Amino acid sequence: MRSLLIRFGFLAALGVIAVLLVNAWVPSRHLPWRPADLSQPPGLATGMQLDQLAADRDACIAALAAVGVVAAPAPDIDGAEPFCRVRYGVRIQSGATPLTPRDLVMSCPVAAAYVVWDRQYVQPIAQGTLGSRLTGMVSYGTYSCRAKNGGRAASPSEHAVANALDIGEFLLADGRRVTVKDGWNGDDPTAEFLRHVRDGGCEVFRTVLGPDYNLAHADHLHLDMGHSDFCPHQPDPTDLLPGTAPQGYQTPPPQPSTPGAENSTSASPESI
Ligand SMILES: [Zn+2]
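Below is a summary of the structure that appears in this document. (Residues numbered from 1 in each chain as written. Predicted model: local features only at pLDDT ≥ 70, side-chain atom pairs only at ≥ 80, totals over all residues.)

If you tally the helices and strands in the protein, you get six helices and ten strands. Put simply, the protein has 272 residues, and 38% of those count as buried. The long-range fraction of contacts in the protein, counting pairs at least 24 apart against all pairs at least 6 apart in sequence, stands at 57%. (Helix = DSSP H or I, 4+ residues; strand = E, 2+ residues; numbered from the N terminus. Buried ≥ 20, exposed ≤ 12 C-beta atoms within 10 Å, placed from the backbone. Contact = placed C-beta atoms within 7 Å.)

What follows is the structure in structure tokens.
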């Protein structure tokens, strides 16, 4: 019995030492029990750490403040449908690339993910591919009381709880304006920039959709912090945007039109 206790104590001591070593040497972005550090590139635990900010607005605002981002609490929203409820939302006021419009309400995980995406991907990629820093991004919306797929699906959109961000335009310091709608196709630096920022978004957000996914995203990137990881680089075969399929992809025959779906190519932020 005594030797069993000694063995147990030895193993417990080894376990404590291992945890202490992991805590000391492994970057916090890989450790789900550590708070989010928005100055770091995304790691194995970043998604979980950002999820934990969803219902802890004080921790969220503190994590943003730690990297120089000022965010203010936003009023709760109760929309026309019961699933349209925004709680613990924030508005980013300064410290990140400015969003237009400036008073966007977003969930804390989306605000935190935006800051990481902006700093780790969008700004460096703009410098690298376009040779200019960004001075702003134009959002096509965060909150919208509707179901997925422009209201046609059964489940609520992440926009119904302001847990999604649509970005349609990037404003450069040298005066250029890059739009997703006009810049996506081709292989020039603008298209390269847009595809790389989409790919960077996939490293931070849960779901990222763009023009090569379906018609509803022809003019913007949809980035959300919902429950499922979904970053398709293959088109949705039921709703394909002509001319944007990857090489070798078989374009399916045209689908019969759906009543009420005609507006899906408009500039409105229709998406998930
Ligand atoms: Zn969207």
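Okay, the packing of helix 4 (residues 108-130) against helix 6 (residues 189-204) next. It is at 9 Å that the axes of helix 4 and helix 6 come closest, and there the two elements cross at 155 degrees. Between helix 4 and helix 6, the angle is such that the two are roughly antiparallel. As for how helix 4 packs across helix 6, the hand of that crossing is right-handed. When helix 4 is examined against helix 6, the residues Ala-113, Val-116, Trp-117, Gln-120, Tyr-121, Val-122, Ile-125, Ala-126, Thr-129 and Leu-130 are found in contact with a partner set consisting of Pro-189, Glu-192, Phe-193, His-196, Val-197, Gly-200, Gly-201 and Val-204. Looking at the contact of helix 4 with helix 6 residue by residue, the classes come out as twelve nonpolar, five polar and one charged. (Axes fitted to C-alpha atoms, helices over the stretch in contact; angles between N-to-C directions. Parallel < 35°, antiparallel > 145°, perpendicular 65-115°, else oblique. Left-handed = near helix turned anticlockwise from the far one by under 90°. Nonpolar A, V, L, I, M, F, W, Y, C, P; charged D, E, K, R; others polar.)

The subject of this paragraph is the pairing of strand 6 (residues 134-141). Along a regular strand, successive side chains alternate from one face of the sheet to the other. Relative to strand 6, strand 5 (residues 99-100) is paired through two bridges, and the arrangement is parallel. Each bridged residue has a counterpart across the sheet, and for Leu-99 the counterpart in strand 6 is Met-137. Where the polypeptide runs from strand 5 across helix 4 and back to strand 6, its parallel neighbour, the crossover connection is left-handed. Bridge count for strand 6 against strand 7 (residues 164-172) is six bridges, and the pairing is antiparallel. Within strand 7, the residue paired with Ser-139 across the bridge is Ile-167. (Pairing = 2+ DSSP bridges. Right-handed = clockwise from strand over helix to strand, strands pointing away.)

Across the interface, helix 3 (residues 57-65) lies against helix 4 with an axial gap of 10 Å and an inter-helix angle of 10 degrees. When the axes of helix 3 and helix 4 are compared, the pair comes out roughly parallel. Considering only the axes of helix 3 and helix 4, their crossing is left-handed. Of helix 4, the residues touching helix 3 (which contributes Arg-57, Cys-60, Ala-63 and Leu-64) are Cys-108, Ala-111, Ala-112 and Val-115. Within the contact of helix 3 with helix 4, the residues separate by chemical class into seven nonpolar, no polar and one charged.

What follows concerns helix 4. The principal kink in helix 4, of about 45 degrees, is found at Asp-118. Trailing helix 4 by a residue or two, Gly-131 shows a phi angle of about 70 degrees, which is positive. (Bend = angle between axes of the 7 residues up to and from the residue.)

The nonpolar side chains of a soluble globular protein tend to be buried with one another. One finds Cys-60, Leu-64, Val-90, Ala-111, Ala-112, Ala-113 and Val-115 to be the most contacted residues of the largest nonpolar core, which totals 55 residues. Tallying contributions element by element places helix 4 first for this core, with 13 residues. (Core = buried A, V, L, I, M, F, W, Y, C linked by C-beta atoms within 7 Å.)

Cis peptide bonds are those with omega within 30 degrees of zero, and the linkage from Thr-100 to Pro-101 qualifies with -5 degrees. Here the phi dihedral of Tyr-88 falls at roughly 60 degrees; this positive angle occurs in a residue that is not glycine. By the secondary structure assignment, Tyr-88 is in the loop between strand 3 (85-86) and strand 4 (90-94). Located in the positive-phi region is Ala-162, a residue other than glycine, with phi close to 55 degrees. Mapping Ala-162 onto the fold places it in the loop between strand 6 and strand 7. Look at Ala-162 and you get buried, because 28 C-beta atoms sit within 10 Å.

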